[in-house]
Amino acid sequence: MESDPSETNSAATPDPGGVFFDGLSNRRRLVALKLSDALEIREDGALLAHWAFADIRRADSPSGLLRLSCLTAPSLARLEIRDAQLMTELVARCDALEANLPNRRSVAAIVGWSLAAAVSIVLVVLFGVPLAAERLTPLVPDSFERRLGDVAEAQVKVLFDGKPCSNAAGQAAFEKLVGKLRETAGLDNSVQSGVLATPVPNAFALPGGKVYLFEGLLEKAENPDEIAGVLAHELGHLRHRDSMRELIHNGGTSFLIGLLFGDITGSGALIFASRSLVTSSYSRDAETNADSFAIETMHKLGRPAKPMGELMFRVTGKEGGKGLSIVSGHPLTEDRLARMDKADAGSRPNGPPLLSSAEWQALRAICGSGKGKV
């Protein structure tokens, strides 16, 4: 029996194909495509979809591939075509193929909204975050702040590889000095303090009532008043909860900047916030208030405040720019030093020494370095 010529031609020229995803499952279907009054999508002869040419839209695709969607199909449905001739014929029939692609006007709108979002983030960083930090700090529970201080304390010891100094005589002298400052400043005995064996000339306060002095700063001090003033300054930061305020401020700022540059996880905020605890970088107002607290505390003890400024200024001149030091978080200007000098002249402090010569020598040797001196 002779075969039907039409059947032979049909078998010889099958409908061009493509890859179809129905949008309802993740199944990848190899389909045959036919252009009639609409685009017919068939699998093994069964009609899977019937897409009107007016409803077909181009989707994002790489070069050499035509990826299509349809307004009347499920939103995730996609058809992928690589046959060049079929692509040409289909593009010619789909008058609205490019309707959902961004034109110049929409691109300009996207750019405009992106710039507006960036500007709004900058404004929030400059004005909103500082205000939020100021309002939120008093609301942070003491228990949470103490836990945060414990975490920061562990980070400090790891970062500076500093071990607590525990020479008995030096520890007794240090506790005596801190005790006098704490009682005079009206702080309770929950304040924790210590000396860490690290050469970095620094001192800072952590959330939860923790104050640390580094051996590097102690070695540069020439008398107990210099160290007492610095400790009083840090107690001022504790009294005003400056560490907690700066943590909220810096953490919020870095989180928003991270969003601006694509850090949607906020990991940059955690890193930046942790570093802010270590460097204890405070605002100008916070530093001024801590200076006032230190001046008032030292004068109540009958001791001058200027030695604190002289120690900090000495470190500024000799250690500025050499890594982390007290100047990274406590930038001392000549105006601040002059303020302390003027305050001392008006108060004329002449109280008894805070430590005896032997106690000062023991404090200088608290880390067992043998560098104590009178």
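You'll find the structure just up there.
Here is a short report on the structure shown in this document. Quick caveat, the model's predicted, so the values are computed rather than measured. (Residues numbered from 1 in each chain as written. Predicted model: local features only at pLDDT ≥ 70, side-chain atom pairs only at ≥ 80, totals over all residues. Heavy atoms only, no water.)

1. Re the state of the cysteines
Tallied over the full model, the rule gives one disulfide. Between the sulfur atoms of Cys165 and its disulfide partner Cys367 the distance amounts to 1.8 Å. One disulfide, between Cys165 and Cys367, carries an S-S torsion of 85 degrees and so falls in the right-handed class. Here Cys165, found in the loop between strand 8 (163-164) and helix 5 (168-185), pairs with Cys367, found in the segment after helix 14 (357-364); they are 202 residues apart in sequence, far enough to count as distant. For Cys165, a relative accessible area of 7% corresponds to the buried category. Of all cysteine sulfurs, the one in Cys94 lies closest to Cys70, which takes part in no disulfide; the gap is 9.3 Å. Given the relative accessible area of 5%, Cys70 is considered buried. (Disulfide = S-S within 2.5 Å. Helix = DSSP H or I, 4+ residues; strand = E, 2+ residues; numbered from the N terminus. Buried < 20%, exposed > 50% of the residue type's maximum accessible area, 1.4 Å probe, protein only.)

2. With respect to the nonpolar core
Inside soluble globular proteins, nonpolar side chains tend to come together where they are buried. Among the nonpolar cores identified, the biggest contains 42 residues, and Leu177, Leu181, Leu213, Ile227, Leu231 and Leu363 are the most heavily contacted of them. Residue assignment for this core shows that the elements contributing at least two residues are helix 5, strand 10 (203-206), strand 11 (210-214), helix 6 (215-220), helix 7 (224-240), helix 10 (284-300), helix 11 (306-319) and helix 14. By residue number, the principal contributor to this core is helix 7, which donates seven residues. Beyond its immediate chain neighbours, meaning those up to four positions away, Leu231 contacts Phe174, Leu177, Val178, Leu181, Val211 and Leu213. (Core = buried A, V, L, I, M, F, W, Y, C linked by side-chain atoms within 4.5 Å. Contact = heavy atoms within 4.5 Å.)

3. Things to note about the packing of aromatic side chains
On inspection of all chains with the given rule, the structure shows two aromatic pairs. Taken together, a centroid distance of 6.0 Å and an interplanar angle of 65 degrees make the contact between Phe20 and Trp51 edge-to-face. Here Phe20 is found in strand 1 (residues 17-21), whereas its partner Trp51 is found in strand 4 (residues 46-51), with 31 residues between them in sequence. Judged by its relative accessible area of 4%, Phe20 is buried. Here the aromatic rings of Phe204 and Phe214 are separated by 5.3 Å at their centres, their planes lie at 85 degrees, and the arrangement is edge-to-face. In this pair, Phe204 sits in strand 10 while Phe214 sits in strand 11, placing the two residues 10 residues apart along the sequence. Of the residues examined, Phe204 reaches a relative accessible area of 0% and is grouped as buried. (Phe/Tyr/Trp six-rings, centres within 6.5 Å; stacked < 30°, edge-to-face > 60°.)

4. Some words on the layout of surface pockets
Taken as a whole, the largest pocket spans an internal volume of roughly 380 Å³. As for the largest pocket, its lining consists of 18 residues, of which Asp142, Ser190, Gly208, Gly209 and Leu238 are closest to the centre. When contributions to the lining of the largest pocket are tallied by element, the ones reaching two or more residues are helix 4 (142-160), helix 7 and helix 8 (242-260). Residues that form the lining of the largest pocket fall into these classes: six nonpolar, five polar and seven charged. (1 Å grid on protein atoms, 1.4 Å probe; cavity = no way out; pocket = protein on both sides within 12 Å on 5 of 7 lines; lining within 4 Å. Points joined across faces, edges and corners; volume = space filled by probe spheres on them. Nonpolar A, V, L, I, M, F, W, Y, C, P; charged D, E, K, R; others polar.)

5. Here we look at helix 2 (residues 84-93)
Those residues of helix 2 that sit buried are Leu86, Met87 and Leu90. On an axial view of helix 2, the arc spanned by its buried residues comes to 100 degrees, and they lie on one face. Of the exposed residues in helix 2, the ones pointing more than 90 degrees away from its buried face are Ala84, Gln85, Thr88 and Ala92. Of the residues flanking the start of helix 2, the one acting as N-cap is Asp83, its side-chain oxygen 3.1 Å from the backbone nitrogen of Gln85. (Arc of directions from axis to C-beta. Polar contact = N/O pair within 3.5 Å; in protein donor to acceptor, adjacent residues only side chain to side chain.)

6. Considerations on the pairing of strand 5 (residues 56-59)
In this structure, strand 5 lies alongside strand 6 (residues 66-70), joined through four bridges in antiparallel fashion. Bridge pairing links Ile56 to Cys70 in strand 6. Between strand 5 and strand 6, which pair antiparallel in sequence order, lie six residues; one of them, Gly64, sits at a positive phi of approximately 90 degrees. (Pairing = 2+ DSSP bridges.)

7. Re the pattern of salt bridges
One pass over the structure, following the stated rule, counts 15 salt bridges. Between Arg314 and Glu222 there is a salt bridge whose closest N-O contact spans 3.7 Å. Placement of the pair is Arg314 in helix 11 and Glu222 in the loop between helix 6 and helix 7, with a sequence separation of 92 residues. Here Asp291 ties to Arg336 by a salt bridge, and the two come within 2.6 Å at their closest N and O atoms. In this pair, Asp291 sits in helix 10 while Arg336 sits in helix 13 (residues 334-347), placing the two residues 45 residues apart along the sequence. Here the two residues Asp291 and Arg336 agree in accessibility, since each one is buried. (Salt bridge = Lys/Arg side-chain N within 4 Å of Asp/Glu carboxyl O.)

8. Describing the packing of helix 5 against helix 7
Following both chains from N to C, one finds helix 5 and helix 7 inclined at 50 degrees, their axes separated by 10 Å at the closest point. As far as their axial angle goes, helix 7 and helix 5 are oblique. Note that helix 5 runs across helix 7; the crossing there is right-handed. In contact with Phe174, Leu177, Val178, Leu181, Arg182 and Ala185 of helix 5, helix 7 contributes Ile227, Ala228, Leu231, Ala232, Leu235 and Arg239. Class assignment for the residues of the contact of helix 5 with helix 7 results in 10 nonpolar, no polar and two charged. (Axes fitted to C-alpha atoms, helices over the stretch in contact; angles between N-to-C directions. Parallel < 35°, antiparallel > 145°, perpendicular 65-115°, else oblique. Left-handed = near helix turned anticlockwise from the far one by under 90°.)

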